[in-house]
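The chain contents come next:
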Amino acid sequence: MARLKVVQYPNPVLINKTQPVASVGDWERSFIIDMIETMHAESGVGLAANQVGVSKQIFVASADGVQGKELVYFNPEIIHTAGEIRDFEGCLSVREAYEPVTRFREVTLRAMNLDGKIVEVTAKGLLARIFQHEVDHLNGMVFVHRLGWWKRRMIFKKLEKNKQRF
Ligand code: ZN
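Residues numbered from 1 in each chain as written. Predicted model: local features only at pLDDT ≥ 70, side-chain atom pairs only at ≥ 80, totals over all residues. Heavy atoms only, no water.

**Topic: the overall build of the chain**
Within the chain, the regular secondary structure consists of three helices and seven strands. For the chain, the α and β elements follow one another from N to C terminus as α-β-β-β-β-β-β-β-α-α. Relative to a compact globule of 166 residues, whose C-alpha radius of gyration would be 15 Å, the chain shows 15 Å and is just as compact. The buried share of the chain, taken over its 166 residues, is 45%. When contacts within the chain are restricted to residue pairs at least 6 apart in sequence, those whose partners lie at least 24 apart make up 65%. (Helix = DSSP H or I, 4+ residues; strand = E, 2+ residues; numbered from the N terminus. Rg over C-alpha atoms; globule rule 2.2 N^0.38 Å. Buried < 20%, exposed > 50% of the residue type's maximum accessible area, 1.4 Å probe, protein only. Contact = heavy atoms within 4.5 Å.)

Written as C-alpha cells, this is what we have:
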C-alpha cells in the first residue's frame, strides 16, 4: 500500500479527459487500494484517478468515511438525473476553494464495478454530489469550472499568489 500524491489544479492531467478501463486486473486492484488509502489520509469523500496523475476512468468514494465500505467505479457515466440542489463543495486538487455549487439532487450512475460487472446505482444527497464531482473530474472538469466567472477569477488569483510563494 502506498499513499499517492494528489496533483493540484491547473495540472494538465486534471483538464484532459481520461481513458476507459478495458478490464479489472491486478494493476487496477492494487491501484484502487492506494487510491482508497490516499482518499482517507486526505480526509476526502471521493477521489478520481487523474487526481493522482493516472488518466483513467476510475474513481473511489466514501460518503460516510467508513473503512471497508468504499465504492469503486470504472468507466462511470450519469444516465439519469432529477431535481437540483445547491451546497458547498471542495476538492483535494483545489485546496484554496470551498464554494456552493448547484448539482442534480439525484443521479443514476452506470459503471463497471470491481468484479468487472456493469452496475447501475441511484444516489441522493452527498453521494449524488460525489458521483457528479468525480465524473466531472474524469471528463477533465474541475468544480471551479462550474462557478460563476467572478468566483472563478478570485480563485485563480489566489492560486497564482500561492504559486509565487514556491
Ligand atoms: Zn475534486
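**Considering helix α2 (residues 125-138)**
Here α2 is 14 residues long and its end C-alpha atoms lie 21 Å apart, about the 20 Å a rise of 1.5 Å per residue gives. Taking burial as the measure, the 14 residues of α2 include eleven buried ones, the bulk of the element. Among the residues of α2, Ala128, Arg129, Ile130, Phe131, Gln132, His133, Glu134, Val135, Asp136, His137 and Leu138 are the ones counted as buried. Gly140 sits one or two positions beyond α2 and adopts a positive phi of about 80°. (Expected span 1.5 Å × (residues − 1).)

**A short note on a nonpolar patch on the surface**
Judged by side-chain polarity, Trp149, Trp150 and Met154 come together as a nonpolar surface patch covering roughly 400 Å² of accessible area. For Trp149, the location among the structural elements is in helix α3 (residues 149-165). Relative accessible area serves as the criterion here: at 60%, Trp149 is assigned to the exposed category. (Patch = residues over 30% accessible without salt bridge, like charges linked within 9 Å, V, L, I, M, F, W, Y side chains within 5 Å. Areas by Shrake-Rupley, 256 points an atom, 1.4 Å probe, with all protein chains shown as cover. Salt bridge = Lys/Arg side-chain N within 4 Å of Asp/Glu carboxyl O.)

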